[in-house]
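For reference, the chains in residue letters:
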Amino acid sequence: MSFNFTSLLNANLPVPAPAPFTGYPKFYFIGGNNDADILPLTKLGDIAKSILEREGRGLARYGMGHGPQGYRPLREVISKNLRTRAGLICSVEEILVTSGSLQAIDFVNSLLVGVGDTVIVEEACYGGVISRLKKLGANVIGIGLDQDGMRTDHLDNVLADLKQKDVQPKYIFTIPTVQNPSGSVMSLERRLELLELSKTYSVPIFEDDCYADLLWEGERPPAIRSLDPTGRVIYCGSFSKSIAPAFRVGYLVADWNVIAQILPLKTDGGTGALEQMVLAEYAKNNFDQHVLNLQHVLRDKCQTMADVLNEQFGATAEFVIPKGGIFIWITLPASINTTELAQVALTEGVAINPGAEWVADPVMGRNRLRLCFASPSKQEIIDGVKALAEICHRETGLPERGANIVRKE
Ligand SMILES: Cc1ncc(COP(=O)(O)O)c(C=O)c1O
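Quick caveat: nothing in here was measured; it's all calculated off a predicted structure.

If you tally the helices and strands in the protein, you get 11 helices and 14 strands. Compactness check: the protein gives a C-alpha radius of gyration of 22 Å against a globular reference of 22 Å for 409 residues, within 12% of the reference. By principal-axis analysis of the C-alpha atoms, the protein measures approximately 65 × 60 × 60 Å. By sequence separation, contacts in the protein at least 24 residues apart represent 73% of the contacts at least 6 residues apart. Surface summary for the protein: the accessible area is close to 18800 Å², and the carbon and sulfur share equals 53%. Considering the protein, the positive charge centre built from 40 side chains and the negative charge centre built from 47 side chains are found 4 Å apart.

What follows is the structure, given as structure tokens:
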């Protein structure tokens, strides 16, 4: 019999995991996984070998002897990429390499958010941010979204209302370029309006740009942080979506006074050095071409998913085809509860993200769902969406089979 820890456990622990991991369901449309076939394994392997020969003895020291902010050549690559791709000028001293951008999000929350604090997010928002804020006991307020991103008219009203109530929000969280889950891209005009509101109400902005490299249509707008000289924008990015999530390498960009305040929170002994070394060496010469290839693959898979959604769901599934990224955000008729649909679908091997986990107000997400098209193959996308439509029809009567199956223009 194993030792019983029950009486010793800390209060307020999360619900325990239901069971050890036994593998993914057949059709896996959830999470932020990437396309596996495009991974440049031969090149990464060659780089790993040569960099170990060249610098491997540095692994004998925590952080390779490059200090707690991360492997310096990687910070140099990040700095160059941000300058050329996002118009964001930052020095290596303003960059902190993190164990995924989730760690960057945790740091910003540790720095700013406590029980009862108010944080502003887009009404549909990355579930990992919403769940973290709720766990911290924060009051999460969602702002309306359209295809130009966060609606600044709505934000203005909310900020004015909070001011009147003497509530000072801790930050405005935004995923401006290829928003998760809506796929919207915030226009330059909105970015400037957002900065103005941030100034007027003295609320900092936390900009999460982890999908921006995956924009395949239209020009990438400059990072919000690049438009502001006052340091009111904390920025984070990641190699998870552009290269591979299992590397667990992300980064945070902020003025040195903020980085200085965050550094003591990084108590994990540093992000894995081999991953940083390989990424630095690979990204130095190959990043732009790699993301171009990736965009091509993702765009094609996105179209496959849109086609099969139209074919199988017809008018029952409303969505805008995103201009980048890895997800389609879908609205079903109000009568369909996607949390219930997700539970049934999972038992039949189809995993989907129900909308309620991806919104500030769960009521708004009740009939929405998010599907990731990056990780499954095109055949899995076709077969999985067909299977989902069958299950949805059986459980809810929608989509109607036969007559309702029309192809959208
Ligand atoms: C908007 C957003 N931010 C952050 C993350 C976390 O990514 P990672 O920790 O792998 O960098 C994700 C993952 O899906 C995301 O969608």
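Assignment of secondary structure puts serine 101 in helix H3 (residues 100–112). Excluding residues that lie within four positions of it along the chain, serine 101 makes contacts with Cys236, Gly237, Ser238 and Gly250.

Attention now moves to the pairing of strand S11 (residues 327–331). Buried residues dominate S11, accounting for five of its five residues. Side chains Phe327, Trp329 and Thr331 of S11 all project onto a buried face; the interleaved residues Ile328 and Ile330 project onto the opposite face, where all are buried too. As defined by bridge partners, S11 adjoins strand S14 (residues 368–372) across five bridges and the pair is classed as antiparallel. Across the sheet, tryptophan 329 pairs through a bridge with arginine 370, a residue of S14.

Helix length check: helix H6 (residues 188–201) (14 residues) gives 20 Å between terminal C-alpha atoms against 20 Å at 1.5 Å per residue, within 8%. Among the residues making up H6, those that are buried are Arg190, Arg191, Leu194, Leu195, Leu197, Ser198 and Tyr201. Viewed along the axis of H6, the buried residues span an arc of 160°, placing them on a single side of the element. Those residues of H6 that are exposed and angled more than 90 degrees off the buried face are Glu189 and Thr200. Serine 202 sits one or two positions beyond H6 and adopts a positive phi of about 55°.

What counts as what
- Residues numbered from 1 in each chain as written.
- Predicted model: local features only at pLDDT ≥ 70, side-chain atom pairs only at ≥ 80, totals over all residues.
- Heavy atoms only, no water.
- Helix = DSSP H or I, 4+ residues; strand = E, 2+ residues; numbered from the N terminus.
- Rg over C-alpha atoms; globule rule 2.2 N^0.38 Å.
- Contact = heavy atoms within 4.5 Å.
- Areas by Shrake-Rupley, 256 points an atom, 1.4 Å probe, with all protein chains shown as cover.
- Lys, Arg positive; Asp, Glu negative; His and termini not counted.
- Charge placed at Lys NZ, Arg CZ, Asp CG, Glu CD.
- Buried < 20%, exposed > 50% of the residue type's maximum accessible area, 1.4 Å probe, protein only.
- Pairing = 2+ DSSP bridges.
- Expected span 1.5 Å × (residues − 1).
- Arc of directions from axis to C-beta.

Without other data, these values stay purely geometric and don't point to any function.
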